[in-house]
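# Structural overview
Given next are the chains, with one letter for each unit.
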Amino acid sequence: MSSNPPLPQGVGYAVVLGLGLFFALMMNVISWIQLKFSDFSPNTASEFSAASRSLKTGLVVAGIVSSWTWSLTLLQSATQSYNLGVSGGWWYAVGGTLQIAVFSVIASKVKMNANRATTFPEVAYIRFGTAGHLAFLWCGIVCNAIVSACILLGAGAVVTALTGMDAYAALFLIPVGVSIYVATGGLRATFISDATHTFVLLGILLCFSFTVFASSDIIGSPRKLVELLELAAESNPVEGNYHGSYLTFRSRQGAIFAVQVIITGFGLVTCDQGYWSRAIASNPSTTARAYFLGGFAWFSIPFACGTSLGLSARALGTLPDFPVLSAFDVSAGLAAVEAVTYLLGKAGAVLMLLLVFLSVTSALSAEMIATSTLFSYDIYRHYFKPKATSAELVTASRYFIVFWALFSGALASVFHAVGISLGWLFYFLGVSTASGVFPIALTFLWKDLSTAGAVAGSIGGMAIALVVWLATAKGLGGEITVDTLSDQWVSFAGNAAAIISGGILSIGLSLWRPANFDWEKTRRMEVIGGDGNFGEDASSVGETDEKEKSSADEPVEVGAERNVDGLDLRALQHTYKVYGLIFIVLTLVITFIIPVPLGASPYIFSHKFFAGFVGIMFAWLFLATFLVVFLPIIESRHALMRITKRLIGRQ
């Protein structure tokens, strides 16, 4: 990385503090408008933590895209394309899209079997008692901690590289503005913020892409980029790629990365309360569709970052005046930053700073509201004040948001101090979270999941993964260090051990002694209303007796039309089947039908083929822009008109 930052320190502080406080003020205004002119008050627990379970498809899509578009998405996808070639950005996109899409299937079951839940550990308590509750709570907090640190490390690296701002100052100041508007507005405010941020983010990404492939004097076309990448393959070929080319899917490292990123993505989505919050907050009739469209739209972002920024950075490396990137620079995600700065100068540096800042604030806001919900509902209310009112829960959530802002900044600072980068944490994510995939998902899908299976799968699987990870680093590297632990094969072993052991333990123990759980217990679980009163509570906690015949041997009774919340169970079951089929089709297309023939054949992209590849990237970006920007406006046009008329005094 160049030693002289392209922007002065003042710009860094202006963006981190100034823009952060600006968005905080904007969200406060929106929260005031919501309180005064709508039926929803951010001062109630249901609205603050679950947006009154009433969000429409477009706003949920924007929230999903934004919360999954953090610094890791923008920087690591470009890094993988920089290292592996065209397959890197594609596989990164596949790794996240599949998990978000499969959540469209799980979300239907959430609405059917636990619509009153606010967090996934709450459901674990009803099903498995205290042991299951604490096990799932631990998985959720670990996931949110690592994700929050990842978000801040990526942002801090970019801000420091572009402005020279002190890294520790960036790591602590970035969460300040975010915590202010999240603490004020709650979950609905984060959704509105998501839509605003993602609109600007997509605009900047389109600007970068058009610069690379159309307007730049240095590259300016797919053909020129191909020519530069061919030169890069001659001087610095990719080990394991066909002929060392950056323009082929035939890549040994790419295949390994594909497995890793899919496992990591499953662990993140399943253990991150932020995704459960969005499933709970959405309207039951649109939950599955929102998650599927969100995953489909999100695919375009890492795909575009990898194809335009990652490949550009590698191509520009053939030019004599392009800065030399160290291994740490690449691991920190700075390849894309340097490419944009080289192509667009200070304007590019400012846009890149804004791009990363917007993605970070949106993603971090999701983590803050998710973690505060875990702390307020699953710790404060559950273990310290079981009869906490709605107002008390909102107050506790706000305190926990501030606490998490400080904690995540401190954790990221510790990682930075010991030399742990964004790339290192990316490989560690799957090791620490993938063991929870089967236990947590099956809690909503399978009535026979037992307490032993849930606890052993989540906690036991995590322990096994850590042991395998450390042992493999010792065996292959000769010692356990930061460098050996981030080795691709070491990370692969840890990721595989996590998801396989979690699955075997949870399913195996449950088949041995099935629980035969009665779904009516989670359907009737306690809920806090806007007035602070409590709803119905489950009559008992833990597993049912194995001999007990539940009122629903399957998750949905054939004759049932409505559950206790008035939800149409037959319609939700139909949605579950439809989106299950759609998910299978999507998986086959993006994971096998497109990349496998490209990887199996000894083929290097021609100029025309690569131009078609870039054309698909642009089409996907424009589709994402419609889903994230215009769909929320179209769906809420009547409410927006009504509020506007009230604001100007015409109603």
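Heads up: these notes are all about the structure in this document. These figures come from a predicted structure and were not determined experimentally.

Quick notes on the rules
- Residues numbered from 1 in each chain as written.
- Predicted model: local features only at pLDDT ≥ 70, side-chain atom pairs only at ≥ 80, totals over all residues.
- Heavy atoms only, no water.
- Helix = DSSP H or I, 4+ residues; strand = E, 2+ residues; numbered from the N terminus.
- Buried < 20%, exposed > 50% of the residue type's maximum accessible area, 1.4 Å probe, protein only.
- Contact = heavy atoms within 4.5 Å.
- Areas by Shrake-Rupley, 256 points an atom, 1.4 Å probe, with all protein chains shown as cover.
- Salt bridge = Lys/Arg side-chain N within 4 Å of Asp/Glu carboxyl O.
- Expected span 1.5 Å × (residues − 1).
- Arc of directions from axis to C-beta.
- Phe/Tyr/Trp six-rings, centres within 6.5 Å; stacked < 30°, edge-to-face > 60°.
- Lys NZ or Arg CZ within 6 Å of the ring centre and 35° of its normal.
- Axes fitted to C-alpha atoms, helices over the stretch in contact; angles between N-to-C directions.
- Parallel < 35°, antiparallel > 145°, perpendicular 65-115°, else oblique.
- Left-handed = near helix turned anticlockwise from the far one by under 90°.
- Polar contact = N/O pair within 3.5 Å; in protein donor to acceptor, adjacent residues only side chain to side chain.
- Patch = residues over 30% accessible without salt bridge, like charges linked within 9 Å, V, L, I, M, F, W, Y side chains within 5 Å.
- Nonpolar A, V, L, I, M, F, W, Y, C, P; charged D, E, K, R; others polar.

### Section: the overall build of the protein
When its secondary structure is counted, the protein shows 25 helices and zero strands. By the burial criterion, 62% of the 651 residues in the protein qualify as buried. Long-range pairs, those at least 24 residues apart, make up 83% of the contacts in the protein with a sequence separation of at least 6. For the protein, the computed accessible surface area is about 22,700 Å², with 66% contributed by carbon and sulfur atoms.

### Some points on the environment of Leu-422
Take Leu-422: it is sitting in helix H16 (residues 422-433). For Leu-422, a relative accessible area of 2% puts it in the buried group. Here the alpha-carbon distance between Leu-422 and Ala-149, two residues 273 residues apart in the chain, equals 8.8 Å. Not counting residues up to four positions away in its chain, the partners in contact with Leu-422 are Ser-71, Leu-72, Leu-75, Gln-76, Cys-150, Gly-154, Ser-331 and Ala-332.

### Considerations on the pattern of salt bridges
Applying the stated rule across the entire model yields five salt bridges. We note a salt bridge from Lys-447 to Asp-448, for which the minimum N-O separation is 3.5 Å. In this structure, Lys-447 and Asp-448 share a single accessibility class: buried.

### Digging into helix H8 (residues 222-235)
Its 14 residues give H8 an end-to-end C-alpha distance of 20 Å, which sits within 8% of 20 Å, the value for a rise of 1.5 Å per residue. Turning to H8, its buried residues are Pro-222, Leu-225, Val-226, Leu-228, Leu-229, Ala-232 and Ala-233. Angularly, the buried residues of H8 cover 170° about the axis, an arc narrow enough to put them on a single face. Of the residues in H8, the exposed ones pointing more than 90 degrees away from the buried face are Glu-234 and Ser-235.

### Remarks on unusual backbone geometry
One non-glycine residue, His-243, lies in the positive phi region at around 55°. Backbone geometry places Asn-516, a non-glycine residue, at a positive phi of 50°.

### Concerning the packing of aromatic side chains
Scanning the entire structure with this criterion turns up 42 aromatic pairs. Their ring planes at 65° and their centres at 6.1 Å tell us that Phe-128 and Phe-136 sit as a pair that is edge-to-face. Phe-136 carries the same exposure label as Phe-128, and that label is buried. Note on Phe-375 and Phe-403: the rings are 5.9 Å apart at their centroids and 70° apart in plane angle, and the pair reads as edge-to-face. Of this pair, Phe-375 sits in helix H14 (residues 334-384) while Phe-403 sits in helix H15 (residues 390-417), and the two are 28 residues apart along the sequence. Above the face of the Tyr-82 ring, Arg-314 is positioned so that its terminal group lies 3.9 Å from the ring centre. The ring of Trp-512 has Arg-513 sitting right over it, with the charged end atom 5.8 Å from the ring centre.

### Overview of the packing of H16 against helix H20 (residues 488-512)
For the pair H16 and H20, interaxial distance at closest approach is 7 Å and the crossing angle is 25°. Comparing their axes, H20 and H16 come out roughly parallel. Judged by the sense of rotation from one axis to the other, the crossing of H16 with H20 is left-handed. Residue-level inspection shows Tyr-427, Gly-430 and Val-431 of H16 in contact with H20, the latter providing Ser-491, Gly-494, Asn-495 and Ala-498.

### Some details on the side chain of Ser-300
When you line up the elements, Ser-300 lands in helix H12 (residues 300-316). Within polar-contact distance, the side chain of Ser-300 engages the backbone oxygen of Ala-297 at 2.8 Å.

### Brief notes about a nonpolar patch on the surface
On the surface, Leu-581, Ile-584, Val-585, Leu-588, Val-589, Phe-592, Ile-593, Ile-594 and Val-596 cluster together into a nonpolar patch covering about 760 Å² of accessible area. At seven residues, helix H22 (residues 569-593) tops the list of elements feeding residues into the nonpolar patch.

### Some remarks on the packing of helix H6 (residues 120-163) against H16
Taken N-terminus to C-terminus, the directions of H6 and H16 make an angle of 170°; their axes are 10 Å apart at the nearest point. Classed by the angle they form, the pair H6 and H16 counts as roughly antiparallel. For the pair formed by H6 and H16, the contact residues are Val-142, Cys-143, Ile-146, Val-147, Ala-149, Cys-150, Leu-153 and Gly-154 on the first element and Leu-422, Leu-425, Phe-426, Phe-428, Leu-429, Ser-432 and Thr-433 on the second. Grouping the amino acids of the contact of H6 with H16 by side-chain chemistry returns twelve nonpolar, three polar and no charged.

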